[in-house]
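Fold and contact review
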Amino acid sequence: MYFLAIETSCDETAAAIFDERPAVLASVVASQTDLHARFGGVVPEVAARAHLQRLLPVVDEALRQAKLSLRDLDAIAVMNTPGLVNALLVGVSAAKTLAITLDVPLLAVNHIEAHIYACRLAAQTQVFPCVGLVVSGGHTSLFRCRGPLDFALLGGTIDDAAGEAFDKAAAMLGLGFPGGPAVEREAARGNPQAFALPRSFLRDSRLDFSFSGLKTALLYLRRDLMAANAGSLTPEIRADLAASFQEAVVDVLTAKCGRALDVTGLDTLCVGGGVAANGRLRATLLAATGERGARLYIPPLEYCTDNAAMAALAVEKWKAGDWASLDLDAEPTYLGRRASTASANEPAVHSRFD
Ligand code: KG4
Ligand code: ZN
């Protein structure tokens, strides 16, 4: 069986083709970074228009790489939630049209759950049950994943996502967009202990996150350092700020993953999303899971950042007969299931989702 998957939730136009194992035959991503860079962030309308222009060529390229034609496809998958609504609508409309014209099933995939499924796809082995961490520009969430179709939210950010904090930190430090890779490069030359920046909820038992205080602390620290240095930052101080900021984010993410493993009693951690590309985060998570004797799965970089191959979660849905109907809509907010009641194995969690 051949599945075509479409991704247009944010600023990457992507299509992938995989089979029922699932094994990926083609994964094509057209990034819009160049279009949004001068605005310092993703502009929703610009993203939606670019998806319209790029989606069909991207689908054609995926088919070409897989040496298939449209008539060979057996199902169409689309990530319909969460994301920028106008951007999502482009992918959902295209997927529905293809499903109708080819007369094949339509499968709806949740983008956040797909980020965790990328670990299963890349590892080519079962990773469930596991704790799942999704750290991207739009999300920072922890899940208890009993299986590929059973995700329960344990906690999430109450304000900014970790990736968004990286992007804002990069803007403050004059490092450009997208910020994550730029901060990581700068941090490599700096001292992570140079400045003590806040680590929100670090010792708090809940599994929620907050990064807005860290952003504000960086803003004022930068202002004070610039005032003390004739209005500019020396290259050394900029690198130290980047390293100290990155260390604060990584500390919190690592501590909360450890706590989620403890309270769920699970021994596997799967991490997805763009921030999972961060080398320092990968290293600390590896050390933390190693100490616990837990397994760690992080996909290769092309499956950490947005892509359509991770929608191979659709294969599990197809096997379970969980097909979408043709009135499928784009859903901008995450409508996942919250871990229900607090118990000995499950912490009481509080956040904006309650
Ligand atoms: O998953 P993704 O591609 O798109 C969303 O669904 O948001 O994640 C993009 C985010 C951006 O905020 C970007 O700055 C961040 O991931 N990112 C990184 C790194 N590479 C990408 N953050 C920290 N370190 C990196 N190396
Ligand atoms: Zn994403």
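These numbers were taken from a predicted model, which means no experiment stands behind them.

A few points about the layout of surface pockets
In this structure, the largest pocket encloses a volume near 1200 Å³. Lining the largest pocket are 45 residues; nearest its centre among them are C10, S136, G137, G138 and D167. Of all the secondary-structure elements, those providing two or more residues to the lining of the largest pocket are α4 (111–123), β7 (140–147), α5 (162–172) and α6 (179–187). Here the element with the most residues in the lining of the largest pocket is α5; it accounts for five residues. When its residues are assigned to classes, the lining of the largest pocket shows 15 nonpolar, 22 polar and eight charged. Composition of the lining of the largest pocket by domain shows at least three residues from each of domain 1 (2–116 + 306–333) and domain 2 (125–302). As a volume, the second largest pocket reaches approximately 250 Å³.

Here we look at unusual backbone geometry
In this model, R21 is joined to P22 through a cis peptide bond whose omega is -5°. Mapping P22 onto the fold places it in the loop between β2 (12–18) and β3 (24–31). Of the consecutive residues T81 and P82, the connecting peptide bond is found in the cis state with omega at -20°. Within the secondary structure layout, P82 lies in the loop between β4 (75–81) and α3 (85–102). One non-glycine residue, F201, adopts positive backbone phi at about 60°. Residue position: F201 is located in the loop between α6 and α7 (212–227). Judged by its relative accessible area of 18%, F201 falls in the buried class.

Definitions and cut-offs
Residues numbered from 1 in each chain as written. Chains lettered and ligands numbered in written order. Predicted model: local features only at pLDDT ≥ 70, side-chain atom pairs only at ≥ 80, totals over all residues. Heavy atoms only, no water. 1 Å grid on protein atoms, 1.4 Å probe; cavity = no way out; pocket = protein on both sides within 12 Å on 5 of 7 lines; lining within 4 Å. Points joined across faces, edges and corners; volume = space filled by probe spheres on them. Helix = DSSP H or I, 4+ residues; strand = E, 2+ residues; numbered from the N terminus. Nonpolar A, V, L, I, M, F, W, Y, C, P; charged D, E, K, R; others polar. Domains from an automatic or database assignment. Buried < 20%, exposed > 50% of the residue type's maximum accessible area, 1.4 Å probe, protein only.

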